[in-house]
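One-letter residues, chain by chain:
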Amino acid sequence: MLVAGQSKQIGRYNKAVNRLSLRRKLLYYGQFPGVYYGLKRTEGPRAWRFFDLIFNAIGYYEVYVRALRHYRPRAIVFANDHNDDARALLLAARACGVPTAYVQHASVSTNFPPLGFDFSLLEGQDALDKYRQCGPVYGRTELVGMPKADAFLARKNQNPTVQRVAIAINTLDDAEAVAAAVDHLLREFSGLIFTLRPHPGDTRDFSFLRRQYPQLHFSDARQQTVFEFLAEHDALIAADTSTHLEATLLNLASIYFRFGTHGVAEDYYGYVAHGLVERAHTLPELSAALRRYQQHKPADLYHRAAYYNATLGTPDEGHSQQRAARLLSEWLGKAAPTPTVTT
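Residues numbered from 1 in each chain as written. Predicted model: local features only at pLDDT ≥ 70, side-chain atom pairs only at ≥ 80, totals over all residues. Heavy atoms only, no water.

Some thoughts on unusual backbone geometry
Keep this limit in mind: When a residue's accessible area, from a 1.4 Å probe over protein chains only, is under 20% of the maximum for its type it is buried; when over 50% it is exposed; and in between it is partly exposed. Only DSSP runs of H or I covering at least 4 residues are called helices, and only runs of E covering at least 2 are called strands; the numbering of each starts at the N terminus.
A positive phi angle, near 50°, is found at Arg72, a position not held by glycine. Judged by relative accessible area, which is 40%, Arg72 ranks as partly exposed. Positive phi, normally seen in glycine, also occurs at Asn251, with a value near 70°. Mapped onto the secondary structure, Asn251 falls in the loop between helix 11 (243-249) and strand 11 (253-256).

Thoughts on the packing of helix 8 (residues 175-188) against helix 12 (residues 283-295)
Applied cut-off: The axes used here are C-alpha line fits, helices contributing only the stretch in contact, and every angle between their N-to-C directions lies in the interval 0 to 180 degrees. An angle below 35 degrees is treated as roughly parallel, one above 145 as roughly antiparallel, one from 65 to 115 as roughly perpendicular, and anything else as oblique. The crossing is said to be left-handed when, going from far helix to near helix, the turn is anticlockwise and less than a right angle, and right-handed when the turn is clockwise. It only takes one pair of heavy atoms within 4.5 Å for two residues to be counted as in contact. Under the convention adopted here, Pro, Cys and the residues Ala, Val, Leu, Ile, Met, Phe, Trp and Tyr are nonpolar, Asp, Glu, Lys and Arg are charged, and Gly plus all remaining residues are polar.
Contact pair helix 8 / helix 12: the axes reach a minimum separation of 11 Å and the direction vectors enclose 45°. Between helix 8 and helix 12, the crossing angle belongs to the class labelled oblique. By crossing handedness, the relation of helix 8 to helix 12 is classed as right-handed. Contact residues: Ala180, Ala181, His184, Leu185 and Glu188 in helix 8; Leu283, Pro284, Leu286, Ser287, Leu290 and Arg291 in helix 12. In terms of residue class, the contact of helix 8 with helix 12 is made up of seven nonpolar, two polar and two charged.

Looking at the pairing of strand 6 (residues 140-143)
Our working definition: When DSSP finds two or more bridges between two strands, those strands count as paired. The handedness of a crossover follows from its direction of travel: if, with the strands pointing away from the viewer, the path from the first strand over the helix to the second runs clockwise, the crossover is right-handed.
For strand 5 (residues 119-122) and strand 6, the ladder comprises four bridges, and the chain directions are parallel. Bridging across to strand 6, Leu122 finds its partner in Leu143. As a crossover connection, the stretch from strand 5 through helix 6 (residues 125-134) into strand 6 is right-handed.

What follows is the structure, given as structure tokens:
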């Protein structure tokens with residue numbers, strides 16, 4: 001049974017999931033003043049900074065406990081481990097005795113919560129090393145590679161030069177800085193094709209770029225998967241996003257470039273530090289790197305991703321889905337009997 005949060009918009013998969021009603025959250029908003037002032041005492045000004053997130057988190061735990069008591073699932077498999085609703089569901093599952101598993105869906109950072117599931121399927125050594133820095137690792141872990149990349153790993157980009165460039169942005173990237181970068185690149189590289197792809201959760205209107213630069217292509221992240229998008233390009237320009245890893249797996253030339261400044265630490269995922277991608281600090285540096293790849297793109301860039309994808313270069317390369325499904329099936333058979341729901 002596939003379940004998503006009431007307000008989760010997941011594009012073409014929206015009709016494939018069930019939604020848990022959150023109406024009963026209204027009964028628990030009276031807890032907010034106590035929660036807020038308690039966090040203010042321990043966290044100081046940060047409590048006010050995250051006022052809206054604290055308010056939104058109220059009631060998730062109680063609603064999820066009620067749902068688990070009603071539906072009594074054998075287990076819950078999570079694709080997210082740090083959003084407020086996912087954390088509440090994890091706590092509710094523990095309280096109700098429901099076994100939990102986690103399948104990593106994107107790169108992680110050392111700012112994530114400690115790994116707290118009964119069984120965790122991680123993509124590679126990078127993820128495990130970072131979770132160990134987050135705190136004690138609970139439960140069993142297995143490195144299974146990247147299931148979502150299976151269908152594309154056999155189609156690595158072997159173009160010897162860069163002709164098509166992807167620009168991936170997220171909600172942290174400044175719109176004016178994005179526009180300035182697009183303007184610079186289109187003026188500098190009239191012979192290249194550029195495609196802009198906003199994050200699926202980015203609600204900003206970038207139609208002004210479409211009007212100003214008719215030669216600029218666009219990708220709808222709600223309709224086209226990231227691997228489908230990357231498969232159409234030879235290089236990627238992006239800031240703090242796991243798309244760098246996915247691009248490198250497909251042998252794209254990936255360049256880290258920050259669109260403006262924001263509160264998230266530079267090189268959030270450590271891709272530059274670990275040599276996965278190169279860094280361009282300024283638009284001239286970005287142009288220089290892109291011009292170099294325009295002349296020659298190495299055929300072995302994907303080797304850099306082995307630290308992040310455990311199956312790369314092994315007999316299991318391209319078969320992470322089967323490996324993950326087999327391990328989950330074995331775990332369900334041994335560790336997930338019909339639970340006894342407790343308070």
